[in-house]
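Observations on the three-dimensional arrangement
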Amino acid sequence: MTETFSRILAARFDDLPARMQQAARWIAAHPRDVALVSMREQARKAGVQPATMTRLAQALGYNGYDALRAEHATALRHAPSGLAQQADGRLPLHTDNPDSAAQALLMHAQAQIAGMTSTEMQGALCQAADAMTRARRIYVLGLRSSHAVAWHLHYALSLITDRAHLLDGVGGTGLDALWHAGSDDVLFVCGVAPYTRAVVEATLQAQARNVQIIAVTDSRLSPLVAAQGIALIVPTGSASFLHAMTPAFLIADTLAALVAWADDPGTLARLQGLDRQLAALNTFISHPREA
């Protein structure tokens, strides 16, 4: 997505009709296809009529869709490539003072977390936790850098409920479980730009099956954000070449705690049962407590 298109879209997105928003999210997730694929094929992939793509371009101030495509083609020709390009000049090893670099990274993370305490975020978290508590099944999905967040949430939920199902893709069959999903279920999905194709497509499939979508992502324009879903927008900027995933982990921790709190005292009973099983299996090394 070009800087110009991103800036215009962010300013006007909320005022666009639902179909144009759907098309805009697809464009944001597939900037390369915008430059290389025919407009009619783009519309098919976005799930809208070709005329919607043209009206969207005009609503954003372009003469037509060809102008929007041309802008993306120019950006594609000059786009930086790969993680090494992103890392150039940003890695901590480029400083003579590693202590200062570490401090800067930690303070950046601290500021990101402090910025997540808004009333809007708190309301979205409570809404998401309520949906997860009521759901028949909770599907959990995240790949690449987001996989650890998804796995962490699934692990925490598995301690208190048998309704959580991790779509981990082992053997290439992980996403098949969505075939059984329906309107009584929830899909928790974590993904940040550049968005993993399989995650976007699985989320669209879940939406088509009327599954409630809870998306932890980095932008309101993310293709993971569903029109009737719950969006938990987290910052991912970093002084490194890696995404900052600490805010997403915090969201996972908070959701697991809220679901457990909502199910009390059932949660306590399940945890007591788990403790007995772990003790019987001698899972952990016992550590003597200090007097």
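In what follows, the accompanying structure is described. (Residues numbered from 1 in each chain as written. Predicted model: local features only at pLDDT ≥ 70, side-chain atom pairs only at ≥ 80, totals over all residues. Heavy atoms only, no water.)

**Re the sheet that holds strand β2 (residues 164–166)**
Strands pair in a sheet through their backbones, by hydrogen bonds, and they do so in one of two ways: parallel or antiparallel. Going by this rule: Think of it this way: DSSP has to see at least two bridges between two strands before they count as a pair. A run of H or I in DSSP becomes a helix once it reaches four residues, and a run of E becomes a strand once it reaches two; helices and strands are each numbered from the N terminus. All axes here are fitted lines through C-alpha atoms, helices being fitted over the stretch that makes contact, and every angle between N-to-C directions spans 0 to 180 degrees. Any pair of residues with heavy atoms lying within 4.5 Å of one another is described as a contacting pair.
Strand order in the open sheet formed by five strands is β2-β1-β3-β4-β5, with parallel pairing between adjacent strands. Lying at the two open borders of the sheet, with one neighbouring strand each, are β2 and β5 (230–233). Shown here is a sheet whose adjacent strand axes are inclined to one another by a mean of 15°, direction ignored. For strand β4 (residues 212–217) and β5, the ladder comprises four bridges, and the chain directions are parallel. By the bridge assignment, Ala 215 is partnered in β5 with Ala 231. Contacts from helix α10 (residues 147–158) reach β1 (138–141), β2 and β3 (186–190) within the one sheet, and its direction differs from that of β2 by about 150°.

**Focus on the side chain of Asp 33**
Structurally, Asp 33 can be placed in helix α3 (residues 31–36). Among all residues touching Asp 33, those that are not within four sequence positions of it are Trp 26, Gln 42, Lys 45 and Arg 197.

**Here we look at the nonpolar core**
The test is simple: Note on terminology: a nonpolar core comprises buried Ala, Val, Leu, Ile, Met, Phe, Trp, Tyr and Cys residues joined through side-chain atoms within 4.5 Å. Exposure classes here rest on a 1.4 Å probe applied to the protein chains alone. A residue is buried below 20% of its type maximum, exposed above 50%, and partly exposed in between.
One finds Met 132, Leu 153, Ile 214, Leu 232, Ile 251 and Leu 255 to be the most contacted residues of the largest nonpolar core, which totals 36 residues. The set of elements that each furnish at least two residues to this core consists of α9 (119–134), β1, α10, β2, β3, β4, β5 and α12 (246–262). Residue contacts for Met 132: discarding those within four places in its chain leaves Ile 138, Leu 153, Leu 157, Arg 163, Val 186, Ile 214, Leu 255 and Val 259. Counting 23 residues, the second largest nonpolar core, distinct from the first, contains Phe 5, Ile 8, Trp 26 and Leu 56.

**Here's the deal with the packing of α10 against α12**
The following threshold applies: Each angle is binned into one of four classes, with values under 35 degrees roughly parallel, values over 145 roughly antiparallel, values of 65 to 115 roughly perpendicular, and all other values oblique. The handedness criterion is simple: a crossing whose near helix is rotated anticlockwise from the far helix by less than a right angle is left-handed, and one whose near helix is rotated clockwise is right-handed. As a working rule, the residues Ala, Val, Leu, Ile, Met, Phe, Trp, Tyr, Cys and Pro are called nonpolar, Asp, Glu, Lys and Arg charged, and the rest polar, with Gly in that last group.
At a minimum axis separation of 9 Å, α10 and α12 run at an interaxial angle of 15°. With respect to their mutual orientation, α10 and α12 come out roughly parallel. Between α10 and α12 lies a crossing whose hand is right-handed. Seen from α10, the contacting residues are Ala 148, Val 149, His 152, Leu 153, Ala 156 and Leu 157; seen from α12, they are Ala 248, Phe 249, Ala 252, Asp 253, Leu 255, Ala 256 and Val 259. Among the residues forming the contact of α10 with α12, the class breakdown is 11 nonpolar, one polar and one charged.

**Observations regarding helix α5 (residues 50–59)**
The line we're drawing: As used here, the arc is the angular range of directions from the helix axis to the C-beta atoms.
Within the span of α5, buried status applies to Pro 50, Thr 52, Met 53, Leu 56 and Ala 57. Summarising the axial view, the buried residues of α5 lie within an arc of 160°, below the 170-degree limit, and thus occupy one face. Those residues of α5 that are buried are in contact with α2 (18–29), α4 (39–46) and α6 (65–77). Gly 61 lies just past α5 and shows a positive phi near 100°.

**Observations regarding the pairing of β1**
Two faces make up the sheet, and in a regular strand the side chains alternate between them. Along β1, one buried face is formed by Ile 138 and Val 140 and the opposite face, lined by Tyr 139 and Leu 141, is buried too. Relative to β2, β1 runs parallel, the two being bridged by three bridges. The partner of Ile 138 across the bridge, within β2, is Ala 164. In this sheet, β3 lies alongside β1 in parallel orientation, the contact comprising four bridges. Residue pairing for β3: Val 140 is matched across the bridge by Phe 188.

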